Amino acid sequence: MSMIPIKRALISVSDKTGLAILGEGLAAMGVSILSTGGTARALQGNGVAVTEVSDFTGFPEMLDGRVKTLHPRIHGGLLGVRDNRKHQSQMKEHDLEPIDLLAINLYPFESTVARPGCTLEEAVENIDIGGPAMIRSAAKNHRWVTVLVDPEDYVRVLAEMRANHGAVSARTNAELARKAFARTAAYDAAIANWLTALDADNKPGMFPEVLTLQFVKQQEMRYGENPHQRAAFYRDGSPAGGNIAHARQLQGKELSFNNINDANGAFELVREFSEPTIAIIKHTNPCGVATDPDLLTAYLRARDTDPVSAFGGVIAVNRPVDEPLAKEIATTFIEAIIAPGFTEAARKILSGKNNLRLLETSSPLAPVISREGLLKMDLKRVVGGLLVQQPDVGELREGDLKLVSRRAPTPEERRDLLFAWKIAKHVKSNAIVYARDLTTVGVGAGQMSRVDSSRIAIAKANDAALAAGRSGNPVAGSVMASDAFFPFRDGIDAAAAAGATAVIQPGGSIRDEEVIQAANEHGMAMLFTGVRHFRH
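Every chain is numbered independently, its residues counted from 1 as its sequence is written. Thresholds applied to this predicted model are a pLDDT of at least 70 for local features of residues and 80 or more for the giving and counting of side-chain atom pairs; totals over whole chains, interfaces and linings are not thresholded and use all residues. Side-chain measures were taken over the full set of non-hydrogen atoms in the model, leaving aside hydrogen atoms and water.

For the chain, the name recorded in an unreviewed UniProt entry is Bifunctional purine biosynthesis protein PurH, with Candidatus Magnetaquiglobus chichijimensis as its organism. UniProt positions are given in the numbering used here, feature names are shortened, and annotations may be inferred rather than shown by experiment. Under the UniProt heading Sequence similarities (unreviewed entry), the note attached to the chain is "Belongs to the PurH family."

Written out as structure tokens, the structure reads:
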């Protein structure tokens, strides 16, 4: 099929981004422009000649603008097949003129319902009817019609038209049509999700009766968790933010399935802290975390928690990576680093590690995860279904803490307890974290019994001390955090025997009194949080 120059365009947009560039570019190439309402006025304000759709159809806009483009002269112009003699004959008989390009974006339903207090009436009035109908007409006939639903595509389409005497290639049209159908699918999904989540009083709910989600493919991967599994990485439609999906890769090999999973876990952990913090993650569990004003000191402390596990891990930093830190990281094998930036000197040092993946995210460090919105939900796939829940967000407030032991923690113990508690939230259950001086001492993860997690954390602390040639008890004077309550006193007994002096845990066991008694017998301080942090 030969490329046919675009002669007539219809532009109708709620988002006016790039509108002047598009309108002026089309007009400069002699394209006749149809438009509606505010779009027409905006184009005219930029000196672009426009024919109102109502003048083109001979039928006025009506019903408060609900009916303006739903007309045979519009849809016939978009849907008529240019090399179909029957179509062409009928178009001529009914005075239907071809529309070769459609630039459109839809009523802002998603942003409208995202506003607190949005009513059903407001939501319904922001359901676009004519827009999706035109998009589907143009996209269906993409052999002959160029459809633009994203302002990001305006400049490249104009450039292609200039290079091809006003025409757009069939390949570009097909690509744009796929994007257009994806947009109408996402739009309809947002409407269906919101409406089917309404309660009996038409108040917005959280979980729709029929859940429809849409994600955009970022990359296909060499393989998934294992070489025999095919895999791809998808990003949701939320705005760019401080997360792995919007991080920019500065160097290194292609990210693997496991790299992305670990980097996500690592960065979400360090975002818990406002102070400079470094976490090292292996198989989604932290093997070392430390907070210190000096990043190099924080890294060394985190690495020394479990240097064997840290080898080949993923590092997350909640500050830009500086030169001293980069020099030390470069001395060992690390899979990836994710941080809010890298100094020029750090980049130069790390560039010598060709396979090391550097991921940069420039958004704020403070957690910004919303409690609302399906795209912010935690999704877990099971065979034949999907588990959907709110993410485990929210900081522990001072008023949430309950002293249950006879002895209160010292200021230093209290500081370390809160530090360890934040980390335990990111350790697979059953989770036990020992910490001292804002540094992990030992981490026990993913065991079937809590006492086993406690013993493993102690064993790791002892192994690290032995490997480093440090004498004495590495757990002495540390504090312990548990992601869930202790069902028996044995976990407390094990911690006390190892030298821990204070414990933070949710509480809520039928044997709480027995557990508290154990803490008192050992002279330990114990705080209850009233919040559990299971992580499966």
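Moving on, there is more to tell.
Draft legend 1. Main features of the side chain of H533. For H533, the location among the structural elements is in the segment after β21 (525–528). As used in this structure description, the phrase polar contact means that two N or O atoms lie within 3.5 Å; if the pair is within protein, one of them must be able to donate a hydrogen and the other to accept it, and residues adjacent in sequence are counted only when both atoms belong to side chains. At 2.6 Å, the side chain of H533 and the side chain of D392 are in polar contact. Beyond its immediate sequence surroundings of up to four residues, H533 is in contact with D392, W421, K425, S429 and D483. Secondary structure elements follow DSSP: runs of H or I of four or more residues count as helices, runs of E of two or more count as strands, with numbering from the N terminus. Only heavy atoms enter the contact rule, under which two residues are in contact if any of them lie within 4.5 Å.

Draft legend 2. Here's a closer look at the sheet that holds strand β1 (residues 8–12). For two strands to be treated as a pair, DSSP must find no fewer than two bridges joining them. One open sheet holds the five strands; their spatial order is β3-β2-β1-β4-β5, and the pairing between them is parallel. Edge strands, defined here as strands with exactly one partner in the open sheet, are β3 (51–52) and β5 (146–148). Two strands pair when backbone bridges link them, and β1 and strand β4 (residues 101–104) are joined in this way by four bridges, in the parallel orientation. Note that in β4 the partner of I11 across the bridge is A103. For helices, the fitted line uses only the C-alpha atoms of the stretch in contact; every axis is such a line through C-alpha atoms, and the angle between N-to-C directions lies from 0 to 180 degrees. Running over the sheet, helix α2 (residues 37–45) touches β1, β2 (32–35) and β3 and is turned about 140° from β2.

Draft legend 3. Structural detail: the nonpolar core. Ranked by size, the top nonpolar core spans 53 residues in total, and within it I11, L26, L101, F109 and V147 carry the most contacts. With seven residues, helix α10 (residues 170–196) is the largest single contributor of residues to this core. Nonpolar cores are built from buried Ala, Val, Leu, Ile, Met, Phe, Trp, Tyr and Cys residues. Side-chain atoms within 4.5 Å join them into one set. For every residue, the accessible area obtained with a 1.4 Å probe (protein chains only) is divided by the maximum for its type, and the residue is called buried under 20%, exposed over 50%, and partly exposed between those limits. Counting residues in hydrophobic clusters, the runner-up holds 41 residues, among them A247, L255, L269 and V443.

Draft legend 4. Local environment of the pairing of strand β20 (residues 502–505). Residues A502 and I504 of β20 are buried on one face, and the alternating residues V503 and Q505, pointing to the opposite face, are buried as well. Relative to β20, strand β19 (residues 479–482) is paired through three bridges, and the arrangement is parallel. Looking across to β20, one finds that V479 is bridged to A502. The β-α-β motif built from β19, the intervening helix α18 (residues 490–498) and the parallel element β20 has right-handed crossover chirality. Sheet topology note: the β20/β21 ladder contains four bridges and is parallel. Note on β21: the bridge partner recorded for Q505 is F528. With helix α19 (residues 512–521) bridging β20 and the parallel β21, this β-α-β connection has right-handed handedness. Consider the strands pointing away from the viewer: the crossover is right-handed when the path from the first strand over the helix to the second runs clockwise.

Draft legend 5. The arrangement of the packing of aromatic side chains in detail. Aromatic rings from Phe, Tyr and Trp, taking only the six-membered ring of Trp, are treated as a pair when their centres fall within 6.5 Å; an angle between ring planes under 30 degrees marks them as stacked, one over 60 as edge-to-face, and anything in between as tilted. Within this structure, the stated rule accounts for four aromatic pairs. Geometrically, the ring pair formed by F109 and Y187 is edge-to-face, given 6.4 Å between the ring centres and 75° between the ring planes. Highlighted residues: F109 in helix α6 (residues 109–114) and Y187 in helix α10, separated in sequence by 78 residues. Across this residue pair, the class does not change: F109 and Y187 are buried. Centre to centre, the rings of F273 and F419 are 5.5 Å apart; their planes meet at 50°, and the pair counts as tilted. Residue F273 is found in the loop between α11 (257–270) and β9 (277–282), and its partner F419 is found in helix α16 (residues 411–424); the two are separated by 146 residues along the sequence. For the pair F273 and F419, a shared accessibility class is recorded, and that class is buried.

Draft legend 6. Molecular detail of unusual backbone geometry. Put simply, S429 and N430 share a cis peptide bond, and its omega is -5°. Checked against the element boundaries, N430 lands in the loop between α16 and β17 (432–435). A positive phi is found at L438, a non-glycine position, where the angle reads about 55°. Mapped onto the elements, L438 comes out in the loop between β17 and β18 (440–444).

Draft legend 7. The arrangement of helix α17 (residues 450–468) in detail. To estimate the expected span of a helix, subtract one from its residue number and multiply by 1.5 Å. Look at α17: 27 Å from first C-alpha to last across 19 residues, which is about the 27 Å you get at 1.5 Å a residue. Here α17 has its buried residues at R450, V451, S453, S454, A457, I458, A461, A464 and A465. Lining the buried residues of α17 we find α12 (295–305), α13 (307–310), β17, β18, β19 and α18. Positive backbone phi, at 75°, marks G469, one or two positions downstream of α17.

Draft legend 8. Geometry of the side chain of N285. For N285, the position within the fold is in strand β10 (residues 285–291). Residue N285 is classed as buried on the basis of its relative accessible area, which comes to 17%. Side-chain polar atoms of N285 contact the backbone nitrogen of K428, separated by 2.8 Å. With residues near it in sequence (within four places) discarded, N285 still touches I280, H426, V427, K428 and A445.

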